[in-house]
Amino acid sequence: QVQLQESGGGLVQAGGSLRLSCAASGRTFSRYDMGWFRQAPGKEREFVAAISWSGSTYYADSVKGRFTISRDNAKNSVYLQMSSLKPEDTAVYYCATHRGAYRNYDGSFDTWGQGTQVTVSS
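The sections below set out a description of the structure shown in this document.

Analysis parameters
Residues numbered from 1 in each chain as written. Predicted model: local features only at pLDDT ≥ 70, side-chain atom pairs only at ≥ 80, totals over all residues. Heavy atoms only, no water. Salt bridge = Lys/Arg side-chain N within 4 Å of Asp/Glu carboxyl O. Buried < 20%, exposed > 50% of the residue type's maximum accessible area, 1.4 Å probe, protein only. Helix = DSSP H or I, 4+ residues; strand = E, 2+ residues; numbered from the N terminus. Phe/Tyr/Trp six-rings, centres within 6.5 Å; stacked < 30°, edge-to-face > 60°. Core = buried A, V, L, I, M, F, W, Y, C linked by side-chain atoms within 4.5 Å. Contact = heavy atoms within 4.5 Å. Disulfide = S-S within 2.5 Å.

### So, the pattern of salt bridges
- Applying the stated criterion to the full structure yields six salt bridges.
- Here Asp61 makes a salt bridge to Lys64, at a shortest N to O gap of 3.2 Å.
- On the accessibility criterion, Asp61 (65% relative accessible area) is exposed.
- Bridged by salt links that share partners, the residues Arg38, Glu46, Arg66 and Asp89 form one connected network.

### Things to note about unusual backbone geometry
- In this structure, Ser84 is a non-glycine residue whose phi angle is positive, near 50 degrees.
- In this structure, Ser84 sits in the loop between β8 (77–82) and β9 (91–97).
- Ser84 gets classed as partly exposed once you look at its relative accessible area, which sits at 42%.

### Details of the packing of aromatic side chains
- Following the criterion strictly, the structure yields six aromatic pairs and no others.
- Ring geometry for Phe37 and Phe109: centres 5.5 Å apart, planes at 75 degrees, overall edge-to-face. Taken together, the residues span a long stretch of sequence, with Phe37 in strand β4 (residues 34–39) and Phe109 in the loop between β9 and β10 (111–112) at a distance of 72 residues. Phe109 matches Phe37 in its accessibility class, with the two residues each being buried.
- Between Trp53 and Tyr102, the aromatic rings sit 4.9 Å apart at their centres with planes inclined by 80 degrees, giving edge-to-face as the arrangement. Placement of the pair is Trp53 in the loop between β5 (46–51) and β6 (57–59) and Tyr102 in the loop between β9 and β10, with a sequence separation of 49 residues.

### A few points about the nonpolar core
- Judged by nonpolar contacts, the single largest core of 27 residues is most densely connected at Trp36, Val78, Leu80, Met82 and Tyr93.
- Those elements that provide at least two residues to this core are β3 (18–25), β4, β5, β7 (67–72), β8, β9 and β11 (116–121).
- No other element matches the four residues that β3 contributes to this core.
- With sequence-adjacent residues up to four places away left out, Tyr93 is seen in contact with Glu6, Leu20, Trp36, Phe37, Arg38, Val48, Phe67, Leu80, Met82, Gly115, Thr116 and Val118.

### Examining the state of the cysteines
- In the structure shown here, the tally under the stated rule is one disulfide.
- Paired by a disulfide, Cys22 and Cys95 hold their sulfur atoms 2.1 Å apart. A torsion of -80 degrees about the S-S bond marks the disulfide between Cys22 and Cys95 as left-handed. Separated by 73 residues along the polypeptide, Cys22 in strand β3 and Cys95 in strand β9 bring together distant segments of the chain. The burial state of Cys22 is the same as that of Cys95; both residues are buried.

Structure follows, in structure tokens:
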């Protein structure tokens, strides 16, 4: 069973940067799509970015040009580099994956980490 552990959250001023990391364990990391979602207080969880097992990347319109997702299969890790942060980026950020390997990416995820808090002050 895969386990996901996020790290790298914190408090940052508007315009600043943060890098989130997610370490996966329990299976062959390179075979699986990975993603980042976020949930702000009082709001539903929303998609942020994803990277397929083959390396294709996908972004929410709200973060395009500011966030970059990447993966290091040798380290079983996926990263989210966040730049030009805004107060509206404040949320708990969750790493996500799917139980199925070598899938045709369809934006679906079914396994989640515990989340890491990102707070952007104005």
